[in-house]
Amino acid sequence: MDQTQAPARGDKESSVPRLANWAVIGIFLILAFAAIAEGRDFLMPATMAVLLFFVFTPLRRLAERRGLPNALTAAAITLSILLSVGVIAYAASGPLSQAISRMPVISYQLNQKFDSLSESLSGLREAARRIDDAQAAEPEPGQPPIIRVEQEGETTLGTVMKMAPLLLGQVLFTLILLFFMIASGDMLHLKIVQSFDRMREKRGAYLALRKIEDSLGNYLGAITIINACLGLAVGLTMWAWGMPGAILFGVGAFLLNYIPYLGAIVGVAISAFVAMLVMPGLFWPAMVAGSYLTLTSLEGQIITPYFVSRRLQMNTVVVFLAVALWAWLWSVIGMIIAVPVLVVMRVLAEHVPGWEKFGNFLAGDAPPVLDEDEAEAESLVDAGAGAEDEPAARVATEALVAAETSKAH
């Protein structure tokens, strides 16, 4: 009796430490996400500076081989970033000022557009009016009067003015930290490599850092060129439609496309909104929004997968979840850095022992290296893909199991 119960007792006792380990990991993840969300004002610019450091380090090495000091290269890179931001702001300032000056006309056109639409919804308006009348009814005699307190919300301009000093401070912090990191040369690489003991580990860490440089540079370089071409195509399309501010649409498409998923949605919505102001009816605004959607769809489904290296392509489900997670943690900035952070994690998974499965999970349709277990799993999924239900999948994959059993014997 005792011998038969011993294995069960042992299994039960061995499962307790395993559950405790998972509980500790869960608590650690919760606290880590809370710390990341709480420290966003510091971590956002620091993370952006680190990513830009890896992107521009190959350029710094090239300048160093040409005899230029690192401090001069760092100053040139930071000033170039400031100049790029200034050029974009100058290109957008003209159309924005025109739009602000035409706000009364825009408001009148919106009222005209939506008045015709609201006439078809007269029934709903009548119901809403009756609800308002019922809520505003006079109190019965003997009852105290109803007092309503309405809190006036903060205006958009007030929110922008409130957030401007914080945003400016974060941009300056990012540029200053980027300057010092680039000016320090290979010091960051040296300190990271020195934290390992064995030469094999030191070499693996150094190669991982160099691979992060190459991967981030290739990814962001390709995405920047693609976004510039998309901005040019959108600007020309809006100009062909006769839309006002075609340059602003092009610049907006270039910037918004750095935000996965949401950027295209916002661009389509803005183009449809502006088209409703300047074009009659609903057909032509729909055509303008459709043309914007077509261009972004071609970019996302055909151009980017073709020109971005397959080694940098990611699992689309993981990308979507990562973008949603970082949007929840760091808002728009989190959405921008979500994919670069995934690129870094994928490179680390290729170099850190024990992370191979995680790297394969992050990879797209063609992972870089498949070991025997992963190849068998791929064959199993392919064999059962055509099955209609679980019994058919059982039959379709039975031959693979039999072949594995015979190979083992």
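Owing to the predicted nature of the structure, the values given are computational and were not obtained by experimental measurement.

UniProt marks residues 19-36, 42-59, 71-92, 167-190, 219-241, 261-284 and 317-343 with the feature "transmembrane region" (unreviewed entry), using the numbering shown here. In residues 42-59, the share of helix is 100% and the share of strand is 0%. The end C-alpha atoms are 26 Å apart. When the span residues 219-241 is considered, its composition is 96% helix and 0% strand, and the gap between its end C-alpha atoms is 32 Å.

Our focus in this paragraph is the packing of aromatic side chains. Summed over the entire model, instances satisfying the criterion amount to nine aromatic pairs. Measuring from centroid to centroid gives 5.4 Å for Tyr261 and Phe320, while their planes differ by 70°, and the two rings are edge-to-face. Linking Tyr261 in the loop between helix H9 (246-256) and helix H10 (262-278) with Phe320 in helix H12 (residues 316-351), this pair joins segments that are 59 residues apart in sequence. Overall, Tyr261 belongs to the partly exposed group, its relative accessible area being 38%. For the ring pair Phe283 and Trp284, a centre distance of 5.0 Å and an interplane angle of 75° mean the geometry is edge-to-face. Overall, the relative accessible area of 53% leaves Phe283 in the exposed class.

For the rest of this paragraph, the subject is helix H11 (residues 283-307). Across its 25 residues, H11 extends 34 Å between first and last C-alpha, which sits within 8% of the 36 Å expected from 1.5 Å per residue. At Glu299, H11 is deflected by roughly 40°, the largest bend along its length. Every buried residue belonging to H11 is among Pro285, Val288, Ala289, Ser291, Tyr292, Thr296, Glu299 and Thr304, and all of these are buried. On the buried face of H11, the contacting elements are helix H8 (199-240), H9 and H10.

With that settled, the discussion passes to the packing of helix H2 (residues 40-65) against H12. For the pair H2 and H12, the least separation of the axes is 11 Å and the interaxial angle reads 35°. Crossing geometry of H2 relative to H12 is assigned as left-handed. Mapping the contact onto sequence places Arg40, Leu43, Met44, Thr47, Met48 and Leu51 in H2 and Leu329, Trp330, Ser331, Ile333, Ile337, Pro340 and Val344 in H12. The residue inventory of the contact of H2 with H12, partitioned by class, reads 10 nonpolar, two polar and one charged.

Here we take up unusual backbone geometry. Unusually for a residue other than glycine, Tyr261 sits at a positive phi of about 65°. With a phi close to 60°, Ser331 is a non-glycine residue in the positive phi region. Checked against the element boundaries, Ser331 lands in helix H12. By relative accessible area, Ser331 is classed as partly exposed at 36%.

Turning our attention to the pattern of salt bridges. Note that side chains of opposite charge can pair when their charged atoms are close. For the structure on display, the rule yields six salt bridges. A salt bridge links Asp186 to Arg61, with the shortest nitrogen-to-oxygen separation between them at 3.2 Å. Residue Asp186 is found in the loop between helix H6 (156-183) and helix H7 (187-194), and its partner Arg61 is found in helix H2; the two are separated by 125 residues along the sequence. Classification of Asp186 as partly exposed rests on a relative accessible area of 34%. One network of salt bridges, with partners in common, ties together Arg60, Arg61, Glu64, Asp186, Arg210 and Glu213.

Looking now at the packing of H7 against H8. In contact at an axis separation of 8 Å, H7 and H8 are set at 145° when each is read in the N-to-C sense. You can see that H7 and H8 cross each other, and the crossing is right-handed. Residues His189, Ile192, Val193 and Gln194 of H7 form the contact with H8, whose own contacting residues are Lys202, Tyr206, Leu209 and Glu213. Considered class by class, the residues forming the contact of H7 with H8 number four nonpolar, two polar and two charged.

We now examine a nonpolar patch on the surface. Together, Leu298, Ile302, Ile303, Tyr306 and Phe307 line one region of the surface with nonpolar side chains, adding up to about 560 Å² of accessible area. Note on placement: Leu298 falls in helix H11. Judged by relative accessible area, Leu298 falls into the partly exposed class, the value being 39%.

This next bit is on the nonpolar core. Nonpolar side chains in soluble globular proteins tend to end up buried together. Leu216, Tyr219, Trp326 and Leu342 are the most contacted members of the largest nonpolar core, which has 37 residues in total. Taken together, the elements giving at least two residues each to this core come down to H2, helix H3 (70-101), H6, H8 and H12. If we ignore the near neighbours within four places in the chain, the residues touching Leu342 are Met314, Val318, Val319, Ala322 and Leu362. Counting 15 residues, the second largest nonpolar core, distinct from the first, contains Val234, Met238, Leu256 and Ala275.

A residue-level look at the protein chain finds 70% of positions with pLDDT of 70 or above and a mean pLDDT of 78. No element of the protein chain has a lower mean pLDDT than helix H5 (residues 122-135), at 62, and none a higher one than H2, at 90. The low-confidence segment residues 1-6 (pLDDT under 50) makes zero contacts with residues lying over four places distant or belonging to another chain.

Along the chain, His189 turns up in helix H7. At 2.5 Å, the side chain of His189 forms a polar contact with the side chain of Glu213. When sequence neighbours within four positions are dropped, the list of residues in contact with His189 reads Phe53, Phe54, Thr57, Arg61, Tyr206, Leu209 and Glu213.

Scoring rules and cut-offs
- Residues numbered from 1 in each chain as written.
- Predicted model: local features only at pLDDT ≥ 70, side-chain atom pairs only at ≥ 80, totals over all residues.
- Heavy atoms only, no water.
- UniProt positions renumbered as here; feature names shortened; annotations may be inferred.
- Helix = DSSP H or I, 4+ residues; strand = E, 2+ residues; numbered from the N terminus.
- Phe/Tyr/Trp six-rings, centres within 6.5 Å; stacked < 30°, edge-to-face > 60°.
- Buried < 20%, exposed > 50% of the residue type's maximum accessible area, 1.4 Å probe, protein only.
- Expected span 1.5 Å × (residues − 1).
- Bend = angle between axes of the 7 residues up to and from the residue.
- Contact = heavy atoms within 4.5 Å.
- Axes fitted to C-alpha atoms, helices over the stretch in contact; angles between N-to-C directions.
- Left-handed = near helix turned anticlockwise from the far one by under 90°.
- Nonpolar A, V, L, I, M, F, W, Y, C, P; charged D, E, K, R; others polar.
- Salt bridge = Lys/Arg side-chain N within 4 Å of Asp/Glu carboxyl O.
- Patch = residues over 30% accessible without salt bridge, like charges linked within 9 Å, V, L, I, M, F, W, Y side chains within 5 Å.
- Areas by Shrake-Rupley, 256 points an atom, 1.4 Å probe, with all protein chains shown as cover.
- Core = buried A, V, L, I, M, F, W, Y, C linked by side-chain atoms within 4.5 Å.
- pLDDT = per-residue confidence, 0-100.
- Polar contact = N/O pair within 3.5 Å; in protein donor to acceptor, adjacent residues only side chain to side chain.

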